[in-house]
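Here are the chains, one letter per residue:
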Amino acid sequence: MYVAVKGGERAIEQAHTLLAEMRRGDPSVPELTLEQIQNQMSLAVDRVMNEGSLFDPELAALAIKQAQGDMIEAIFLLRAYRTTLPRHGNSTPIQTGQMRIIRRISAVFKDVPGGQLLGPTYDYTHRLLDFQLAVNAVDTEDDESEPEVPTATESASDDSELAAVLSILENEGLVEAPPVGEASETDITRTPLEFPADRATRLQALARGDEGFVLALAYSTQRGYGRNHPFAGEIRSGAVPLAMEVEELGYALPVGELLMTECEMINQFEGSAEVPPTFTRGYGLQVGLSERKAMSMALLDRSLRTQEFDEEVESAAQDEEFVLAHCDNVEAWGFVSHLKLPHYVDFQSELELIRRLRAQREADGDE
Amino acid sequence: MSELTGYNFAYLDEQTKRMIRRGLLKAVAVPGLQVPFGGREMPLPYGWGTGGIQVTAAIIGDDDCLKVIDQGADDTTNAVSIRRFFAKTAQVATTEVTEDASIIQTRHRIPETPLVSGQILVYQVPIPEPLRFIEPRETETRKMHALSEYGVMHVKLYEDIAQFGQIATAYAYPVMVNGRYVMDPSPIPKFDNPKMHQNPALQLFGAGREKRLYAVPPYTDVVSLDFEDHPFEIQRWDGVCELCGADDTFLDEVVVDDQGARMFVCSDTHHCRSRRGEDA
Amino acid sequence: MREPILTARDVTREYAPGQGCLGVSLDVWPGEVLGIVGESGSGKSTLLRLLSGQESPDSGTLQFIDRHQTVWDLCSSSESDLRYLGRTEFGIIHQNPRDGLRLRISAGGNIGERLMGVGERHYGDIRAEAEKWLAEVEIDPSRIDDRPAVFSGGMQQRLQIARNLVTHPKLVFMDEPTGGLDVSVQAKLLDTLKRLVHDLGISVVIVTHDMGVARLLADRLLVMKSGQVIESGLTDQVLDDPHAAYTQQLVASILQVN
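Residues numbered from 1 in each chain as written. Chains lettered and ligands numbered in written order. Predicted model: local features only at pLDDT ≥ 70, side-chain atom pairs only at ≥ 80, totals over all residues. Heavy atoms only, no water.

A. Main features of the overall build of chain C. Along the backbone of chain C there are 10 helices and 10 strands. Here chain C has a C-alpha radius of gyration of 18 Å; the compact-globule value for 258 residues is 18 Å, and the two agree. Structurally, chain C occupies a C-alpha span of about 55 × 45 × 40 Å along its principal axes. Considering only residue pairs separated by 6 or more positions, chain C has 66% of its internal contacts joining residues 24 or more positions apart. Within the structure as shown, chain C displays about 11100 Å² of accessible surface, and the carbon and sulfur contribution to it stands at 48%. For chain C, the distance from the average position of its 26 positive side-chain charges to the average position of its 35 negative side-chain charges is 5 Å. (Helix = DSSP H or I, 4+ residues; strand = E, 2+ residues; numbered from the N terminus. Rg over C-alpha atoms; globule rule 2.2 N^0.38 Å. Contact = heavy atoms within 4.5 Å. Areas by Shrake-Rupley, 256 points an atom, 1.4 Å probe, with all protein chains shown as cover. Lys, Arg positive; Asp, Glu negative; His and termini not counted. Charge placed at Lys NZ, Arg CZ, Asp CG, Glu CD.)

This is the structure in structure tokens:
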């Protein structure tokens, strides 16, 4: 039971003024533009779009600016806006096989058809602070070893589809076929989660789940809490065509491209009397270059498939209800932050009770 | 390679190096024992060799010659990255020739060329605890080690045989060191396990994320766990290396086209090249 | 002259004033089944944990004599010693078989674990022994590679018994071993237990609130109330001619059920 906050109106106004001042910082420093955030903090923008469940880099940049770089606050802002938007229809399912690759790696084969492409990655950078970047204008033009950064538009693969690494193992029957489920009609942003959830629903929840939470649980499976022995079968990033079915036209109308990152994990084989040992798989998909999240998602997808493989649920990462009920950071932070609201009445009741219990005990002791 | 200013020789400060060396001395004194150490943040992500790098940084000197391999190869991205790191921070000589190296940092392989006395092999270790997948709790696994309660390791092997007719552990195959501690050899293929036994080189293991060091001193017994009626066996291939013709090495499978055609080649690139007479 | 294998004197473990196990003394003789009965909260499970070394008493002494006639002071034994005894001389049957089994390990692996724990390294021998023990507890040996997770509650309990008895412990502790089972399943399990205990000549300390179980299995009974033993004697004598009012109530309660 909550007590209404009274007489706080002015206080709130003042707080907002202070907040605006704090957000702006020193007025002598130029204000951030959305273009700057979009261009130079693009990974932050990607994260906000994923967990905000809305692909709009400009709005995500605005949310980041408005939230002073507080990611969960920015995600919250974007979601709160998204919920107001009308829905005009659904896209046709995207085909990541048609992705124009900017990065593609596999950890299971040294080389794969189509090749390994490192692309823009922090993987092999040494994490040494680059004090050059602290000086404002770093002139990249003068860099002697200017690398040719392949972009989506000029990538190696032209029109041909690039086969997934896992399909190579699939042809040999060594890995399970991709689990075909009905594309879920459920949209977790419109209908409440119900347990047990189907896989499509689970993937939706994980796709917009908190990066830190999903990462930590994925990590726990690697440390023995969930029996997951994964190999990164393939990670690919690039532009995927997006099309919409428009009833009047009768065909799918291309509407643009999405930069996406897909991860397919190969997991330790399962086998039984009927089924020979087979690798199983976990799947992760994110917009932008959110590779950390896509990998973590793929690990959790697999660890949550306990029912399919008749596995004992022994750890948090295998417990669908635990994972899905707690992976949403806007929900989580909402409930944690609500502890800041007044609880005077509840606390008063507790105070009264604890005093009475102590008095009772004292009285009993005196007897 | 240009010198990196503002950092100590081999990146770590001398006090940290001494701390790691003390841990290593203890590890050498008690073969196979996991020694906790105050692992530092390194400029590489956890899981990419932070343990191995800290060990190498703690033992490397001016006159050392460093070789770094990943999956047996000198030219894999992570190996290149780590080699460059030390070339930059310690200005030491680097090599791809196994015989020329005084320190070899490795991920997932032991070189095919036999090591000799005086060489040090530094392993990067992701999960140092061999009992981890049976018992996730550290408090319990430490007790199991302390009391030599290792029966449960054989339960895992028993289950493999019951289910697959053979021991189905292909890498990170657990070993008994010096008759006392069960040890994770890091995710090397079991093909490499016999090379650890009575090896003239010093073998050091560093796990950065889990903050553990352990060691196998030169000429120490390292025995792969097995059953009397299901003895330990290493992987074998039907063919030979399609580049150098070796029939006694660990072979990598390379997919060469969309139709799934494969070729098999030595995973140890230096060994393969030197067999082909391409060694500089 | 035979000696008791387990001797407890003035064993006390008090959780809160008047709660736990207060100054209990008892002897367990070779080959006998000692029943400890009482309502929940009477301290009988605490006593079982103390006797089996799972918990240490605040005061009192516990002495155990193993098969080599070595005398162990359980109160001052190291954890290492207690764990050694736990996998060689003792067996512990939990009320919930899930507490005593490895659910993701096959039935054969569950039985084999204790053998491997004491150094058995021949797969074929371990498997043969596991098959033999499955038959002993009346589980079809062809289920050897199935995981206990797919077993019924009664089968899980049988498996837990096999897993404990495979290394021929001298003393087995049982905590409500038929607790969660249907009456018909209970009866079959009790028959199996009675036969095995008799054939192997092991000593058993069994805690139960079920007077029927006590009558069927136990040679002697201790009745506990509020952490203390209030009555003891041969099972028939205690059940047919209970002295303490509390015991009379306990016995009456089972008559009502029947």
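Right, picking up where we left off after that structure.
B. How the structure looks around the pattern of salt bridges. By the definition in use, this model includes 61 salt bridges over all chains. Residues Glu31(A) and Lys65(A) are paired through a salt bridge, measuring 2.7 Å at the closest nitrogen-oxygen approach. With a gap of 34 residues between them, Glu31(A) in the loop between helix H1 (9-24) and helix H2 (34-40) and Lys65(A) in helix H4 (residues 57-66) connect regions that are remote in the sequence. Judged by relative accessible area, Lys65(A) falls into the partly exposed class, the value being 23%. Note that Arg195(C) and Glu138(C) form a salt bridge whose closest N and O atoms lie 2.9 Å from each other. Of the two residues, Arg195(C) sits in helix H7 (residues 183-200) while Glu138(C) sits in the loop between helix H5 (123-136) and helix H6 (153-165), which places them 57 residues apart along the sequence. Judged by relative accessible area, Arg195(C) falls into the partly exposed class, the value being 29%. Connected via shared salt-bridge partners are Glu140(B), Lys143(B), Glu149(B), Glu79(C), Arg83(C) and Arg87(C). (Salt bridge = Lys/Arg side-chain N within 4 Å of Asp/Glu carboxyl O. Buried < 20%, exposed > 50% of the residue type's maximum accessible area, 1.4 Å probe, protein only.)

C. Layout of the interface of chain A and chain B. Listed as interface residues are 25 residues of chain A and, on the opposing side, 33 residues of chain B. Counting each side, the surface lost to burial between chain A and chain B is near 2700 Å², with a carbon and sulfur contribution of 60%. On the surface where chain A and chain B come into contact, there are 2 salt bridges. For Glu210(B), the salt bridge goes to Arg223(A), with nearest N and O atoms at 2.5 Å. If you look at where chain A meets chain B, you find 6 residue pairs in polar contact (both at pLDDT 80 or more). Taken together, the residues of the side of chain A that touches chain B sort by class into 13 nonpolar, 6 polar and 6 charged. (Buried area = accessible area lost by both parts, 1.4 Å probe. Polar contact = N/O pair within 3.5 Å; in protein donor to acceptor, adjacent residues only side chain to side chain. Nonpolar A, V, L, I, M, F, W, Y, C, P; charged D, E, K, R; others polar.)

D. The arrangement of unusual backbone geometry in detail. In this structure, the amide linkage connecting Phe195(A) to the following residue, Pro196(A), adopts the cis form with an omega of -5 degrees. The residue Pro196(A) is located in the loop between helix H6 (165-171) and helix H7 (199-207) in this model. The phi dihedral of Gln198(B) falls on the positive side, at around 55 degrees, and the residue is not glycine. By the element assignment, Gln198(B) lies in the loop between helix H6 (193-196) and strand S8 (202-207). In the Ramachandran plot, Glu176(C) falls in the positive-phi region, its phi being about 45 degrees despite a non-glycine side chain. As for its position among the elements, Glu176(C) is in the loop between strand S7 (171-175) and H7. For Glu176(C), a relative accessible area of 10% translates into the label buried.

E. Structural view of helix H2 (residues 50-59) of chain B. Among the 10 residues in H2(B), 9 count as buried, and that is most of the element. Those residues of H2(B) that sit buried are Thr50(B), Gly51(B), Gly52(B), Ile53(B), Gln54(B), Val55(B), Thr56(B), Ala57(B) and Ala58(B).

F. Local environment of the environment of Asp241(C). Relative to the assigned elements, Asp241(C) resides in the loop between helix H9 (235-240) and helix H10 (245-257). The spatial distance from the C-alpha of Asp241(C) to the C-alpha of Gln186(C) is 26 Å, given a sequence separation of 55 residues.

G. Local environment of the interface of chain B and chain C. Counting from both sides, the interface comprises 20 residues of chain B and, opposite them, 21 residues of chain C. When the two sides are added together, the surface that chain B and chain C hide from each other amounts to roughly 1800 Å², 56% of it contributed by carbon and sulfur. Our count for the contact surface shared by chain B and chain C stands at 4 salt bridges. Inspection of the chain B/chain C interface yields 12 residue pairs in polar contact (both at pLDDT 80 or more). Of the residues forming the side of chain B that touches chain C, the biggest block, 8 residues, is contributed by helix H5 (residues 151-164) of chain B. The class makeup of the residues in the side of chain B that touches chain C is 10 nonpolar, 3 polar and 7 charged.

H. Molecular detail of the sheet that holds strand S10 (residues 222-224) of chain B. Residue and element names in this part refer to chain B. Spatial strand order, S7-S6-S10: 3 strands in an open sheet with antiparallel pairing. Edge positions in the open sheet fall to strand S7 (181-183) and S10, since each of these has one partner strand only. Within this sheet the neighbouring strands show an average axis-to-axis angle of 35 degrees, counted without direction. One ladder, built from 3 bridges, connects strand S6 (residues 175-177) with S10; its direction is antiparallel. Bridge pairing links Val175 to Ser224 in S10. (Pairing = 2+ DSSP bridges. Axes fitted to C-alpha atoms, helices over the stretch in contact; angles between N-to-C directions.)

I. Expanded view of the pairing of S7(C). Residues and elements named next belong to chain C. Buried residues dominate S7, accounting for 5 of its 5 residues. Where burial is concerned, the two faces of S7 agree: the one with Leu171, Phe173 and Asp175 and the one with Val172 and Met174 are both buried. Bridge count between strand S6 (residues 90-93) and S7: 4 bridges; the pairing is parallel. Bridging from a neighbouring strand, Phe90 pairs with Leu171 of S7. Bridge analysis of S7 against strand S8 (residues 203-208) gives 5 bridges, and the strand direction is parallel. In the sheet register, Leu171 faces S8, and the bridge partner there is Ser203.

J. Fine view of the side chain of Thr169(B). Residues and elements named next belong to chain B. If you trace the backbone, Thr169 turns up in the loop between H5 and S6. For Thr169, a relative accessible area of 11% gives the class buried. A distance of 3.3 Å separates polar atoms of two side chains, one belonging to Thr169 and the other to Lys156. A polar contact of 3.4 Å, which involves the side chain of Thr169, links it to the side chain of Asp160. Once you skip the residues sitting within four places of it in the chain, Thr169 turns out to touch Lys156, Asp160, Pro174 and Lys190.

K. Representation of the confidence of the model for chain C. Overall, the prediction assigns chain C a mean pLDDT of 91, with 98% of residues at 70 or greater. This complex was scored by the predictor with a pTM of 0.80 and an ipTM of 0.86. (pLDDT = per-residue confidence, 0-100.)

L. Spotlight on the sheet that holds strand S1 (residues 6-16) of chain C. Residues and elements named next belong to chain C. Within the open sheet, the 4 strands sit side by side as S2-S1-S4-S5. Their pairing is antiparallel. For this open sheet the edge positions go to strand S2 (19-28) and strand S5 (71-73), each flanked by a neighbour on one side alone. On average, each strand axis in the sheet is tilted by 20 degrees relative to the strand beside it, whichever way the strands run. Two strands pair when backbone bridges link them, and S1 and S2 are joined in this way by 7 bridges, in the antiparallel orientation. Looking across to S2, one finds that Thr7 is bridged to Asp27.

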